[in-house]
Amino acid sequence: MHLIAVRNVSEALYIGLQHLLEYGKWQKTRTGNVLEYPEPVITEYRSPKERVLFYPERDANPFFHLFEAIWMLAGRKDVEYVGLFNKQIAKYSDDGAHLDGAYGHRWKKYFGFDQLYMIKNHLQTNPESRRAVLTMWDASDLNRSLGDFPSKDIPCNTNIYFKIRGGVLDMTVCCRSNDIIWGTYGANAVHFSILQEYMASQIGCLVGKYYHLSDSFHAYNGPLKKVSKILEAGASTSFLWYDSYIGLDEGKSYKPEPMFSNPEKADEDIHSFLFYTHTYFLSDGDFKVEIPTYTNTFFKETAKRMFHAWYKGYIKKDYETGIKEAKQIQTLDWRKESVEWLERRMKK
């Protein structure tokens, strides 16, 4: 077992790549050869809310990462909504319409009850508990992965442990198969850290550490070659150049604003945001329904502005207007990557 202890996801990707390239071994898999670390890897995040990646070599899509996380918290499994932001999602669906392995759906609906609600109540009543386990794996998933026509949609992340210690909520995510570029240090770092922040706000405590256990810690050759360029870019300096949270706030270390400043209205804002953005897109911007009045500032000043920046810039190809909208995003980390992601597409 190998431990990578870091401040945030930017540092984790940099160090994780170094370890994988030095110690990894090529392994044949169902979907092609991967460079795999020879033992399970645990990544420990001290500041999990520093979840946005800024590497241009990685070119992480901040819009897809954030909006999919919000979609997850609503417990949804429809391809249509997340497919707006990533058309590749549909190829992982067995029927083209649903993702039966969707994490949020499994958190809230798949097993016939809302696991998040139960864990919230359990930890509020029993803050010393070691039984707050969130399940994403179903025994039937093994059967669905066998046969002549195996399912395309088998959960990679299988379960999550929540634990309150010292007044903060720690979280451990267990993953059977983890592509470190697209998963571990990409979508997973965003989605699960947002889940941790959501649960901490619902329970009424602070966000603690986030541990991510990757049983198969690996990367495919093409993306690995591309993203490994970040190691070359930093070879000439000892400064933590890859950690853009340092100095992001006028030369000071930036502390991300809370997503859920009003926990009681979090679910209402989540559903309102999804309804508004989906309807806006389907109506091609000719949306007559009143814009939701969000209670949580993050949805009003960051998520909403990010959606309009993405829609105007990426969908309508009006990059100047999209970038102008992105520069109005309140949170500095999401603002920085939204602007830079659109600027890279404008240059192309």
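Because the structure is a prediction, the values reported are computed rather than measured.

Asker: Residues and numbers for the sheet that holds strand β10 (residues 217–220), please.
Answerer: The strand order across the open sheet built from four strands is β2-β3-β10-β8, with neighbouring strands paired in mixed fashion. Across the chains shown, the open sheet's two edge strands, defined by having one partner strand only, are β2 (25–27) and β8 (178–179). Both β2 and strand β3 (residues 34–36) contribute to a ladder of three bridges, which runs antiparallel. Bridge pairing in β3 places Lys25 opposite Glu36.

Asker: Explain the pattern of salt bridges to me, using residue names and the numbers behind them.
Answerer: Close approach of charged atoms allows side chains with opposite charge to pair. Summed over the entire model, instances satisfying the criterion amount to 18 salt bridges. Asp59 is paired through a salt bridge with Arg344; the nearest N and O atoms lie 2.7 Å apart. With a gap of 285 residues between them, Asp59 in the loop between β4 (41–45) and α2 (62–73) and Arg344 in helix α13 (residues 332–347) connect regions that are remote in the sequence. In this pair, the class of Asp59 matches that of Arg344, namely buried. Where Lys265 meets Glu268, a salt bridge forms, and the shortest distance between an N and an O atom there is 3.5 Å. What emerges from the salt-bridge pattern is a single network uniting Asp59, Glu337, Arg344 and Arg345.

Asker: Please provide a residue-by-residue account of the sheet that holds strand β6 (residues 157–165), values included.
Answerer: Pairing within the open sheet is mixed, and its six strands lie in the order β1-β4-β9-β7-β6-β5. Each edge of the open sheet carries a strand with a single partner, namely β1 (2–6) and β5 (133–135). Across this sheet, the average inter-strand angle for adjacent strands is 15 degrees, counted without regard to direction. Alignment of β6 against strand β7 (residues 168–175), held across eight bridges, turns out to be antiparallel. Within β7, the residue paired with Asn159 across the bridge is Cys174. Contacts from helix α1 (residues 9–23) reach β1 and β4 within the one sheet, and its direction differs from that of β1 by about 145 degrees.

Asker: So what's going on with the layout of surface pockets? Which residues, and what values?
Answerer: Taken as a whole, the second largest pocket spans an internal volume of roughly 190 Å³. Residue lining of the second largest pocket: Arg46, Ser47, Pro48, Lys49, Glu50, Leu206, Val207, Gly208, Lys209, Lys255 and Pro256, and that is the complete set. Here the lining of the second largest pocket is composed, by residue class, of four nonpolar, two polar and five charged.

Asker: Tell me about the pairing of β1, residues and numbers included.
Answerer: Side chains His2, Ile4 and Val6 of β1 all project onto a buried face; the interleaved residues Leu3 and Ala5 project onto a face where none is buried. Across five bridges, the pairing between β1 and β4 is parallel. Within β4, the residue paired with Leu3 across the bridge is Ile42.

Asker: Explain a positive patch on the surface to me, and be specific about the residues and the numbers.
Answerer: Together, Arg130, Arg131, Lys163 and Arg165 give the surface a local cluster of positive charge. With respect to the helices, strands and loops of the structure, Lys163 is situated in strand β6. The partly exposed category is assigned to Lys163, whose relative accessible area is 37%.

Asker: Can you explain helix α7 (residues 180–203)? Please cite residues and give values.
Answerer: For α7, spanning 24 residues, the distance from its first C-alpha to its last is only 30 Å, which falls clearly below the expected 34 Å at 1.5 Å a residue. Along α7, the helix axis deviates most sharply at Asn188, where the bend reaches about 50 degrees. Across the 24 residues that make up α7, a large majority, 23, are buried. Just downstream of α7, Gly204 is the residue with a positive phi angle, here 100 degrees.

Asker: Tell me about the nonpolar core, and please be specific about residues and values.
Answerer: Counting residues in hydrophobic clusters, the biggest one holds 99 residues, and the most contacted among them are Leu66, Trp107, Phe162, Phe192, Leu195 and Phe273. It is α7 that contributes the most residues to this core, twelve residues altogether. For Phe273, the contacting residues outside a window of four places in its chain are Phe67, Ile70, Tyr81, Tyr294, Phe299, Ala303, Lys304 and Phe307.

Asker: Hey, could you go over the pairing of β6 for me, with residue numbers and the actual values?
Answerer: The pairing of β5 with β6 spans three bridges and is antiparallel. What sits directly across from Thr135, in β6, is Asn159. The turn joining β6 and β7, which pair antiparallel and follow one another in sequence, is formed by two residues; a positive phi near 65 degrees is taken by Gly166.

Asker: Which residues make up the packing of helix α5 (residues 115–125) against α7, and what are the values?
Answerer: Across the interface, α5 lies against α7 with an axial gap of 9 Å and an inter-helix angle of 50 degrees. Taken as axis vectors, α5 and α7 run oblique relative to one another. Handedness of the α5/α7 crossing: right-handed. The segment α5 lies against α7, with Leu116, Ile119, Lys120, Leu123 and Gln124 engaging Leu195, Tyr198, Met199, Gln202 and Ile203.

Asker: Tell me what's going on with the environment of Thr135, and back it up with residues and numbers.
Answerer: Of note, Thr135 is situated in strand β5. Counting along the chain gives 32 residues from Thr135 to Tyr103, while the straight-line C-alpha distance between them is 9.2 Å. Residues within four places of Thr135 in sequence aside, it is in contact with Arg106, Phe111, Gln115, Thr158 and Asn159.

Asker: If you had to explain α2 to someone new, which residues and values would you point to?
Answerer: Here α2 is twelve residues long and its end C-alpha atoms lie 17 Å apart, about the 16 Å a rise of 1.5 Å per residue gives. In terms of burial, α2 is a largely internal element, twelve of the twelve residues being buried. Residues of α2 that are buried include every one of Pro62, Phe63, Phe64, His65, Leu66, Phe67, Glu68, Ala69, Ile70, Trp71, Met72 and Leu73, and no others. Buried residues along α2 sit against α3 (79–83), α4 (103–108), α7, α10 (266–282), α11 (297–315) and α13. Its side-chain oxygen at 3.0 Å from the backbone nitrogen of Phe63, Asn61 defines the N-terminal cap of α2.

Rules used throughout
Residues numbered from 1 in each chain as written. Predicted model: local features only at pLDDT ≥ 70, side-chain atom pairs only at ≥ 80, totals over all residues. Heavy atoms only, no water. Pairing = 2+ DSSP bridges. Helix = DSSP H or I, 4+ residues; strand = E, 2+ residues; numbered from the N terminus. Salt bridge = Lys/Arg side-chain N within 4 Å of Asp/Glu carboxyl O. Buried < 20%, exposed > 50% of the residue type's maximum accessible area, 1.4 Å probe, protein only. Axes fitted to C-alpha atoms, helices over the stretch in contact; angles between N-to-C directions. Contact = heavy atoms within 4.5 Å. 1 Å grid on protein atoms, 1.4 Å probe; cavity = no way out; pocket = protein on both sides within 12 Å on 5 of 7 lines; lining within 4 Å. Points joined across faces, edges and corners; volume = space filled by probe spheres on them. Nonpolar A, V, L, I, M, F, W, Y, C, P; charged D, E, K, R; others polar. Patch = residues over 30% accessible without salt bridge, like charges linked within 9 Å, V, L, I, M, F, W, Y side chains within 5 Å. Areas by Shrake-Rupley, 256 points an atom, 1.4 Å probe, with all protein chains shown as cover. Lys, Arg positive; Asp, Glu negative; His and termini not counted. Charge placed at Lys NZ, Arg CZ, Asp CG, Glu CD. Expected span 1.5 Å × (residues − 1). Bend = angle between axes of the 7 residues up to and from the residue. Core = buried A, V, L, I, M, F, W, Y, C linked by side-chain atoms within 4.5 Å. Parallel < 35°, antiparallel > 145°, perpendicular 65-115°, else oblique. Left-handed = near helix turned anticlockwise from the far one by under 90°. Polar contact = N/O pair within 3.5 Å; in protein donor to acceptor, adjacent residues only side chain to side chain.

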